[in-house]
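Listed below are the residues making up each chain.
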Amino acid sequence: MSVTTETTYSSASQAMPIGTPRHHIIIFAVLLGLLLIAPFLLYPVFIMKILCFALFASALNLLLGFGGLLSFGHAAFFGSASYVTAHAAKVWGLTPEVSILLGTGSAAILGLLIGALAIRRQGIYFAMVTLAFAQMVFFFALQAPFTGGEDGIQAVPRGNLFGVLSLADDRTLYFVVLAIVFGGLLAIYRIIHSPFGQVLKAIRDNEPRSISLGYKVNRYKLAVFVMSAALAGLAGSTKSLVFQLASLTDVYWTMSGEVVLMTLLGGMGTIFGPFVGAAVIVTMQNYFASFGAWVTILQGTIFVISVLLFREGIVGVLSKWIKKPL
Amino acid sequence: MFELLGIPPQALFGQLLLGLINGSFYALLSLGLAVIFGLLNIINFSHGAQYMMGAFVAWMGLTYLGIPYWGALIVVPLVVGATGVVIERLMISRLYHLDHLYGLLLTFGLALIIQGLFRNGFGVSGLPYSIPSQLSGGTNLGFMFLPNYRAWVVVASLLVCFGTWFAIERTRLGAYLRAATENPTLVGAFGINVPRMITLTYGFGVALAAFAGVLAAPIYSVNPNMGADLIIVVFAVVVIGGMGSILGAILTGFGLGIVEGLTKVFYPEASSVAIFVIMAIVLLVKPAGLFGRTA
Amino acid sequence: MNFKTATLAGLAAMLMTGSAMAVDVKLGVLNDRSGIYADLSGEGSVVAARMAIEDFDAASKGINVEVISADHQNKPDVASTIARQWYDEEGVDAIVDVPTSSAALAVSEITREKGKIFLNSGAASTDLTGAQCAPGTAHWTYDTYALANGTGRAMVESGYKNWYFLTADYAFGHSLEANTSKVVEETGGSVVGSVRHPFPGTDFSSFLLQAQASGADVIGLANAGGDTVNSIKQAAEFGITQAGQALAGLLIFITDVHALGLETAQGLVLTEAFYWDLNDDTREWSARFSEEMGGSKPTMVHAGVYSAVTHYLKGVEAADSKETEAVMDWMKSNPSQDQVFGEGSLREDGRHLHDMYLFQVKSPAESAGDWDYYKLLSTIPAEVAFMPLEDGGCALVE
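Predicted model, so just to flag it, every value in this text is computed and none were measured. (Residues numbered from 1 in each chain as written. Chains lettered and ligands numbered in written order. Predicted model: local features only at pLDDT ≥ 70, side-chain atom pairs only at ≥ 80, totals over all residues.)

## With respect to the overall build of chain B
Item 1. Helix and strand counts for chain B stand at 11 helices and two strands.
Item 2. For chain B, the succession of helices and strands along the chain, N to C, is α-α-α-α-β-β-α-α-α-α-α-α-α.
Item 3. Here chain B has a C-alpha radius of gyration of 19 Å; the compact-globule value for 295 residues is 19 Å, and the two agree.
Item 4. By principal-axis analysis of the C-alpha atoms, chain B measures approximately 65 × 50 × 35 Å.
Item 5. Counting only contacts in chain B whose residues sit at least 6 apart along the sequence, the fraction spanning at least 24 positions is 76%. (Helix = DSSP H or I, 4+ residues; strand = E, 2+ residues; numbered from the N terminus. Rg over C-alpha atoms; globule rule 2.2 N^0.38 Å. Contact = placed C-beta atoms within 7 Å.)

Here it is as structure tokens:
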């Protein structure tokens with residue numbers, strides 16, 4: 001455990017190696033540029049929602065696309081972090097950055113507990129185990145007094161960043177959220193391209209071979225599980241400040257399914273896929289909100305089509321097309 | 001009269017029996033999952049939706065065509081099983097060369113579609129389905145009032161479970177099935193149409209879910225979400241039992257129903273979590289599940 | 001510039017219509033259109049809002065009303081996203097309906113932040129006019145207190161003294177149980193026990209047997225939706241009602257009774273704010289409603305939407321503006337009067353007061369056909385039907 005984390009941290013703190021493809025830097029720069037002007041053209045709350053889900057989907061993609069582990073219970077981390085942050089900000093009156101850190105930290109701890117058990121099984125079993133644990137977290141959230149049960153935690157104050165900068169204005173908050181999410185995405189990028197990330201991919205592609213090479217496979221799996229959980233938690237914490245709300249929706253299993261859908265649609269194992277997937281799904285939910293159950297049917301259809309015809313996802317197809325990894 | 005932890009023994013017997021009844025549903029559903037998993041190596045996430053379809057088709061049969069309950073018990077599994085055959089032919093069969101996770105994702109998408117369609121068509125308040133007149137009423141067992149219908153559920157479930165077990169473990173057809181699970185190429189070389197066998201197996205697994213749905217229609221509310229939450233519990237049952245054997249799926253289903261029934265007496269708040277707690281413990285002690293073979 | 005054009009346009013409108021100024025009002029009906037509450041709110045609430053606008057004859061009074069609608073899927077986060085967007089981008093002036101307490105509380109907070117109006121009909125939580133009350137929020141149709149109070153009091157008074165609760169194990173269930181227990185004990189009954197079932201549940205037989213073993217006169221169902229439907233269905237199956245125990249539904253709608261069928265639901269006692277077959281007015285209104293809704297009768301939530309929108313439009317007319325404070329002031333200081341609820345009033349904490357009714361579900365033999373489900377046991381006058389002002393803990397009340 002200590003070995004793996006050390007590897008990650010040391011490589012993450014290094015300057016960007018020469019190996020970073022130039023088109024990745026360009027895409028990140030263009031994306032950042034677009035996101036900087038977006039709130040002046042579009043509704044900021046809507047883009048913030050996309051950003052939060054983009055981070056959530058990217059966190060899942062770290063585990064699924066690069067670790068080869070399909071978690072069907074990531075809502076547990078997203079949701080519990082959002083509850084902790086909301087509680088810290090509302091009841092304890094902590095500042096937003098501390099609340100978010102607390103939320104992210106608790107998601108990481110939960111990730112350690114669930115991950116330690118779940119990695120004992122592989123493949124489909126792993127998916128079912130994570131799903132079942134997430135359901136346990138759901139029941140906990142439903143019954144624990146501090147979560148407010150069905151009502152959730154409402155009217156969470158956005159507070160003042162570092163105690164000075166008021167986040168009540170949507171645009172101010174937007175740039176803070178942008179910084180958090182972009183930071184999270186870059187962190188994921190670094191993890192993937194670190195030596196740790198290389199080992200992960202090796203395990204994903206051929207686990208027995210990695211074992212025979214002497215890697216402690218389970219430690220790597222657990223480490224990536226915890227990182228993914230923590231980042232999902234970061235997304236959940238940020239979301240609870242944006243919407244000033246933490247609710248059961250965040251921990252319900254349909255949320256886990258939705259984020260898998262985003263990742264699948266955008267492209268598993270790509271850098272930018274989850275972002276695209278999240279943007280498409282959130283936009284769709286937003287504009288089809290009045291069509292009721294058709295949203296579910298449409299989501300299901302996208303799932304089926306993606307699996308049958310479109311397994312590389314949107315970005316995966318693009319990447320094949322321009323013959324460069326995206 | 002003695003009491004056990006403050007609960008009179010009569011009440012305890014009653015709760016055990018009720019647990020057994022719930023276990024019947026778990027057993028039927030986890031059996032279907034096990035049969036499908038055994039041959040297709042996919043986890044059928046739409047199993048809950050197909051269970052719901054069973055209940056709905058039974059309702060439609062009664063309302064539109066006047067098919068009574070007893071007819072529905074036979075017709076509905078066939079109809080829903082046939083939709084399963086179509087799904088397998090059109091979609092699932094394209095995924096066998098891929099990672100099993102895609103099967104899970106595909107069936108998850110299918111579950112969303114099926115539930116969404118039924119929600120659009122029938123609303124969510126639920127539809128009434130009466131207990132067949134032959135089975136209405138109940139018997140006073142002294143320690144509890146046992147509705148005849150519930151007794152029938154246990155009997156029907158045991159019969160179907162035993163029949164399935166016998167067919168797979170003790171007949172020639174079952175031998176082919178088991179052989180195809182181990183080595184499809186070799187079995188194909190003996191002149192057996194393996195793809196068709198796989199298709200029919202999926203159809204059979206789905207039919208089992210639909211059968212459970214028909215059984216459930218008179219006692220639970222027939223609504224589009226009835227399978228959505230149940231399927232997750234059944235997943236936990238499957239993880240606990242392990243996918244090693246048909247008998248394992250059946251025994252775990254009934255056993256966990258009873259355990260859940262007991263928690264409803266001693267600590268009702270935890271009854272929905274009990275199965276997941278057991279799952280965590282089993283994973284710690286015996287990661288392959290109680291009846292599972294280490295993969 | 002904008003101000004100038006607006007003034008000019010206003011002036012022109014004034015000249016043209018003579019006295020009244022033209023006001024453009026946009027109402028957003030936000031409710032469940034796909035989930036568990038779609039039947040009791042959903043499209044019906046939109047129809048009810050439109051009927052209120054037509055009956056009020058808003059157009060000829062110089063008020064142009066536009067109605068938009070959306071599905072919040074019973075998720076508070078979806079509800080809050082839509083509410084924000086409606087207020088910020090779409091220029092919605094008032095949001096109507098919003099079942100599911102969590103979603104309603106979220107919308108209420110945003111309404112407070114944006115200084116708009118929220119006319120709730122579908123949600124149950126007393127917090128909307130209690131701890132979390134807001135100046136622009138009106139809670140129209142019912143709440144957990146009114147239901148618990150109505151059913152609890154009436155049952156005890158008719159001799160069902162010993163209660164056992166079957167409670168959904170989450171905040172809503174707990175508060176329903178607590179509210180009812182209080183009423184039961186105040187009126188001389190007693191609570192002999194309770195069991196908390198997981199939410200959502202499917203099999204209630206075990207809990208029902210525990211309730212039966214308690215020997216209570218009545219089993220109070222402190223749950224909602226599918227849980228209530230399943231509890232009632234299984235209580236019938238296990239012969240609990242036949243054995244002499246009564247069932248009291250603490251949150252049950254006519255759509256639930258419709259789903260259960262009379263065979264199963266007969267004898268159930270419940271409280272509602274509205275029933276289509278109460279009097280000539282309600283019958284006439286409901287007939288028009290069901291014509292537009294393919295035959296189904298309105299629920300109390302639909303009726304509440306009609307009543308709330310009617311009173312709101314009167315407020316806009318009287319204030320000659322849609323400015324929140326002016327409209328709310330008028331609404332709170334003038335009695336409401338409409339075809340569905342009759343007379344009522346809006347209290348300063350935002351609670352709308354009107355009579356509630358205690359019904360018993362008919363047996364199949366008593367029913368004359370589809371939707372003929374209830375017989376009236378008693379009318380609970382508005383003064384005692386709702387939680388007293390001082391118990392709510394609303395900060396708007398000095």
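This is not the end of the story, as more comes after the structure.
## What to know about the overall build of chain C
Item 1. Within chain C, the secondary structure is distributed over 15 helices and 15 strands.
Item 2. Since a compact globule built from 398 residues should have a radius of gyration of about 21 Å, the 22 Å found for chain C is in line with a globular shape.
Item 3. Looking at chain C as a whole, 63% of its 398 residues qualify as buried.
Item 4. Taking the contacts inside chain C whose residues are at least 6 apart along the sequence as the reference set, 71% of them involve residues at least 24 apart. (Buried ≥ 20, exposed ≤ 12 C-beta atoms within 10 Å, placed from the backbone.)

## Focus: the domain arrangement of chain C
All names here are of chain C.
Item 1. In terms of domains, chain C is made up of domain 1 (12-142 + 279-354) and domain 2 (145-272 + 356-385).
Item 2. Look at where the C-alpha atoms of domain 1 and domain 2 centre, and you get two points 29 Å apart.
Item 3. Class assignment for the residues of the side of domain 1 that touches domain 2 results in six nonpolar, five polar and two charged. (Domains from an automatic or database assignment. Nonpolar A, V, L, I, M, F, W, Y, C, P; charged D, E, K, R; others polar.)

## A few points about the interface of chain C and chain A
Item 1. Across the boundary between the two partners, chain C contributes 27 residues, which contact 20 residues of chain A.
Item 2. When residues of the side of chain C that touches chain A are assigned to their parent elements, the largest contribution, 10 residues, is made by helix α3 (residues 76-90) of chain C.
Item 3. Its residues placed into classes, the side of chain C that touches chain A shows 10 nonpolar, eight polar and nine charged.

## A look at the interface of chain B and chain A
Item 1. Opposite the 33 residues of chain B that make contact, chain A presents 32 residues.
Item 2. Split into classes, the residues belonging to the side of chain B that touches chain A amount to 24 nonpolar, six polar and three charged.

## Describing helix α4 (residues 101-114) of chain C
Working note: α-helix, 3.6 residues per turn, so residues spaced by three or four point in the same direction.
Residue and element names in this part refer to chain C.
Item 1. The first and last C-alpha atoms of α4 sit 20 Å apart over 14 residues, in line with the 20 Å expected at 1.5 Å per residue.
Item 2. Most of α4 sits out of view: 11 of its 14 residues are buried.
Item 3. Buried within α4 we find Ser101, Ser102, Ala103, Ala104, Leu105, Ala106, Val107, Ser108, Glu109, Ile110 and Thr111.
Item 4. Among the structural elements, β1 (23-31), α3, β3 (94-97), β4 (117-120), β5 (137-139) and α6 (171-186) are those in contact with the buried residues of α4.
Item 5. Positive phi shows up at Gly115, right after α4, with a value of about 65°. (Expected span 1.5 Å × (residues − 1).)

## A closer look at the packing of helix α6 (residues 172-182) of chain B against helix α8 (residues 194-216) of chain B
Residues and elements named next belong to chain B.
Item 1. Between α6 and α8, the shortest axis-to-axis distance is 11 Å and the interhelical angle comes to 105°. On the basis of their axis angle, the class for α6 and α8 is roughly perpendicular. Where α6 approaches α8, its residues Tyr176, Leu177 and Ala180 are matched on the opposing element by Val194, Met197 and Thr201.
Item 2. Of the residues that constitute the contact of α6 with α8, the class distribution is five nonpolar, one polar and no charged. (Axes fitted to C-alpha atoms, helices over the stretch in contact; angles between N-to-C directions. Parallel < 35°, antiparallel > 145°, perpendicular 65-115°, else oblique.)

## Remarks on helix α12 (residues 300-319) of chain C
Residue and element names in this part refer to chain C.
Item 1. Across its 20 residues, α12 extends 28 Å between first and last C-alpha, which sits within 8% of the 28 Å expected from 1.5 Å per residue.
Item 2. For α12, the buried fraction is high: 16 of the 20 residues fall into the buried class.
Item 3. A positive backbone phi angle near 55° is found at Asp320, which sits one or two residues after α12.

## Focus on the UniProt feature "transmembrane region" (unreviewed entry) in chain B
All names here are of chain B.
Item 1. Cross-referencing UniProt, the feature "transmembrane region" (unreviewed entry) maps to residues 12-39, 101-118, 149-168, 200-220, 232-259 and 266-285 in the present numbering.
Item 2. Between the C-alpha atoms that bound residues 12-39 there is a distance of 40 Å. The span itself is 100% helix and 0% strand.
Item 3. Secondary structure across residues 149-168 divides into 100% helix and 0% strand, with the first and last C-alpha atoms of the span separated by 28 Å. (UniProt positions renumbered as here; feature names shortened; annotations may be inferred.)

## Re the sheet that holds strand β2 (residues 63-71) of chain C
Residue and element names in this part refer to chain C.
Item 1. On the basis of which strands lie adjacent, the open sheet formed by five strands has the order β2-β1-β3-β4-β5 and parallel pairing. The two strands at the open ends of the sheet, each matched to only one other strand, are β2 and β5. The mean inter-strand angle of the sheet, taken between neighbouring strand axes irrespective of direction, is 20°.
Item 2. In terms of strand pairing, β1 meets β2 through nine bridges, oriented parallel. Considered in β2, the bridge of Leu30 is made with Ala70. (Pairing = 2+ DSSP bridges.)

## What to know about the nonpolar core
Item 1. If you look at the biggest cluster of nonpolar residues, it comprises 356 residues, and the most contacted ones within it are Ala132 of chain A together with Val309 of chain C.
Item 2. Sort the elements by how many residues they give to this core and helix α1 (residues 9-40) of chain B lands first, with 17 residues.
Item 3. Not counting residues within four places of it along the chain, the set of residues in contact with Val309 of chain C comprises Leu27, Ala49, Ala52, Ile53, Val96 and Leu119 of chain C. (Core = buried A, V, L, I, M, F, W, Y, C linked by C-beta atoms within 7 Å.)

## A short note on the pairing of strand β10 (residues 269-272) of chain C
Remember that side chains alternate between the two faces of the sheet whenever the strand is regular.
Residues and elements named next belong to chain C.
Item 1. Burial along β10 is two-sided: Val269 and Thr271 and Leu270 and Glu272, pointing in opposite directions, are all buried.
Item 2. Pairing analysis gives four bridges linking β10 to strand β14 (residues 356-361), with the strands arranged antiparallel. What sits directly across from Val269, in β14, is Gln360.

## Here we look at the sheet that holds strand β13 (residues 352-353) of chain C
All names here are of chain C.
Item 1. Reading across the sheet, the three strands line up as β11-β12-β13 and stay open at both edges, with antiparallel pairing between neighbours. Bordering the open sheet on either side are β11 (336-338) and β13, each of which pairs with just one other strand.
Item 2. By the bridge criterion, three bridges tie β11 to strand β12 (residues 342-346) in an arrangement that is antiparallel. Counterpart to Gln337 in the pairing with β12 is Glu343.

## Focus on the environment of Pro195 of chain A
Residues and elements named next belong to chain A.
Item 1. Secondary-structure assignment places Pro195 in helix α8 (residues 195-205).
Item 2. Taking the number of C-beta atoms within 10 Å as the measure of exposure, Pro195 has 11 and is therefore exposed.
Item 3. The spacing of Pro195 and His24 is 171 residues in sequence and 18 Å in space, taken between C-alpha atoms.

## Some remarks on unusual backbone geometry
Residues and elements named next belong to chain C.
Item 1. At Asp57, a position not held by glycine, the phi torsion is positive, near 60°.
Item 2. When you line up the elements, Asp57 lands in the loop between α2 (42-56) and β2.
Item 3. Classification of Asp57 by C-beta neighbours within 10 Å gives exposed; the count is 10.
Item 4. Positive phi, close to 60°, is recorded for Asn74, a residue that is not glycine.
Item 5. Looking at where Asn74 falls in the secondary structure, it is placed in the loop between β2 and α3.

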